[in-house]
Amino acid sequence: LTQLFRPLDMLGMVYRTVRQGMIDMGAMFRLIDTEAEVKDVPGAPALVINRPTLAFEDVVFGYEPERTILHGLSFEVPAGNHVAIVGPSGAGKSTIGRLLFRFYDPRSGRILIDGQDIARVTQASLRDKIGIVPQDSVLFNDTIGYNIAYGRDGATREDIEIAAKAAAIMPLIERLPEGFDTEVGERGLKLSGGEKQRVAIARTLVKDPPILLLDEATSALDSRTEQEILRTLRRVSEHRTTLAIAHRLSTIADADRILVLDHGRLAESGSHLELLRRDGLYAEMWARQQAEAEQGEEAA
Ligand code: ATP
């Protein structure tokens, strides 16, 4: 594993300065994979956000020419709203996040942030405005302070402390022998899944982006930790335009709007209650997950 981390560290150094918008290694690898595909148009301006609205307009996309994944997808997220995307495995949920971060360009259609086509602005300015809290946060082999500060160039110790408080990791940091200067990762302290997720949240808070992309944790957090993380995320996303990619429905029931994706098409959309009343795909998924949860409790 150390061998695996060393090249990661190096890549980290190379990319850190150029791609400050990138906040997790997983995302970085996806970027490297696809780098040839997306380029800034010559003379592209920076994305300027007054009201962080978000819109997909008739977006068609496939990773390979012979297979279309999104078939003309349209939806809007008003500024400050919280929209969740749910749907069966393989429906294209994570693909939406990748397109928003412009790892790929749509085959046709447009993705607009505050009225600007994200394919026409610089990638650096786009990524600067979007914070990602990924499924599985990977930390750099460095101090916990560094891992939080990585959200933004020139973050001060005060910025780091404020973010750590909001992400509810101060109790952890206070227990560590060297506080924020404690090494984490392979060389130092091992953090639990929940603690890593909190570091990722703190990193996002330091970055302070107007738009948040939450890629829900599928990793096994115990339900108490999960509830605590959800509460923290709710606070963090309160005044930000938030797109949440959810694999479990219980975590997004309070979203302003839920989009139900099926085979790359919008099958249903509405609030949790509206969708339950509709008695369609969402209601079916909800009933199944409730039954599974009950079975789990009985087995425990
Ligand atoms: P899950 O809930 O299982 O994470 P999802 O709805 O997020 O699924 P996506 O990850 O968006 O689904 O994938 C949609 C489809 O695109 C899947 O059929 C997947 O196999 C395919 N796909 C994803 N990434 C790639 C890629 N890099 N190259 C080719 N096909 C891909």
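In the annotation of an unreviewed UniProt entry, the protein is listed under the name ABC transporter ATP-binding protein/permease and assigned to Qipengyuania soli.

## Description of the environment of Gly145
Residue placement: Gly145 occurs in helix H5 (residues 144-149). Using a relative accessible area of 6% as the deciding quantity, one classes Gly145 as buried. Distance from Gly145 to Ala164, taken between C-alpha atoms, is 9.2 Å for residues 19 residues apart in sequence.

## Structural notes on the sheet that holds strand S2 (residues 70-77)
Strand order in this open sheet of four strands is S2-S1-S4-S5, and the pairing throughout is antiparallel. Looking at the sheet topology across the chains shown, the edges are occupied by S2 and strand S5 (116-117). Of the strand pairs in this sheet, strand S1 (residues 54-61) and S2 are connected by six bridges, and their pairing is antiparallel. What sits directly across from Ala55, in S2, is Glu76.

## Considering the nonpolar core
With 41 residues, the main nonpolar core has Val86, Ile144, Ile148, Ile169, Ile258 and Tyr282 as its most contacted residues. Ranked by the residues each element gives to this core, the list is headed by helix H8 (residues 193-207), at five residues. Apart from the residues lying within four places of it in its own chain, the contact partners of Ile148 are Ile160, Ala163, Ala164, Ile169, Ile173, Phe180, Val199, Ala202, Arg203 and Val206. Within the second largest apolar cluster, 32 residues are counted, among which are Leu54, Val59, Leu73 and Leu213.

## Comments concerning the pattern of salt bridges
Counting across every chain of the model gives nine salt bridges. For Arg110, the salt bridge is made with Glu57, and the minimal N-O distance between the two is 3.2 Å. Taken together, the positions of Arg110 in strand S4 (residues 108-113) and Glu57 in strand S1 put the pair 53 residues apart, joining distant regions of the chain. A relative accessible area of 37% means that Arg110 is categorised as partly exposed. What makes Glu57 partly exposed here is its relative accessible area of 33%.

## A short note on the pairing of S4
Bridging between S1 and S4 involves five bridges; their strand directions are antiparallel. Across the sheet, the residue bridging to Val60 is Ser108, located in S4. Two strands pair when backbone bridges link them, and S4 and S5 are joined in this way by two bridges, in the antiparallel orientation. In the sheet register, Ile113 faces S5, and the bridge partner there is Gln116. Hairpin connection between S4 and S5: a loop of two residues separates the two successive antiparallel strands, and Asp114 in this loop has a positive phi of roughly 45°.

## Looking at the packing of helix H6 (residues 157-166) against H8
For the pair H6 and H8, interaxial distance at closest approach is 8 Å and the crossing angle is 130°. Classed by the angle they form, the pair H6 and H8 counts as oblique. The chirality of how H6 crosses H8 is right-handed. Seen from H6, the contacting residues are Asp159, Ile160, Ala163, Ala164 and Ala166; seen from H8, they are Ala202, Leu205 and Val206.

The rules behind the values
- Residues numbered from 1 in each chain as written.
- Predicted model: local features only at pLDDT ≥ 70, side-chain atom pairs only at ≥ 80, totals over all residues.
- Heavy atoms only, no water.
- Helix = DSSP H or I, 4+ residues; strand = E, 2+ residues; numbered from the N terminus.
- Buried < 20%, exposed > 50% of the residue type's maximum accessible area, 1.4 Å probe, protein only.
- Pairing = 2+ DSSP bridges.
- Core = buried A, V, L, I, M, F, W, Y, C linked by side-chain atoms within 4.5 Å.
- Contact = heavy atoms within 4.5 Å.
- Salt bridge = Lys/Arg side-chain N within 4 Å of Asp/Glu carboxyl O.
- Axes fitted to C-alpha atoms, helices over the stretch in contact; angles between N-to-C directions.
- Parallel < 35°, antiparallel > 145°, perpendicular 65-115°, else oblique.
- Left-handed = near helix turned anticlockwise from the far one by under 90°.

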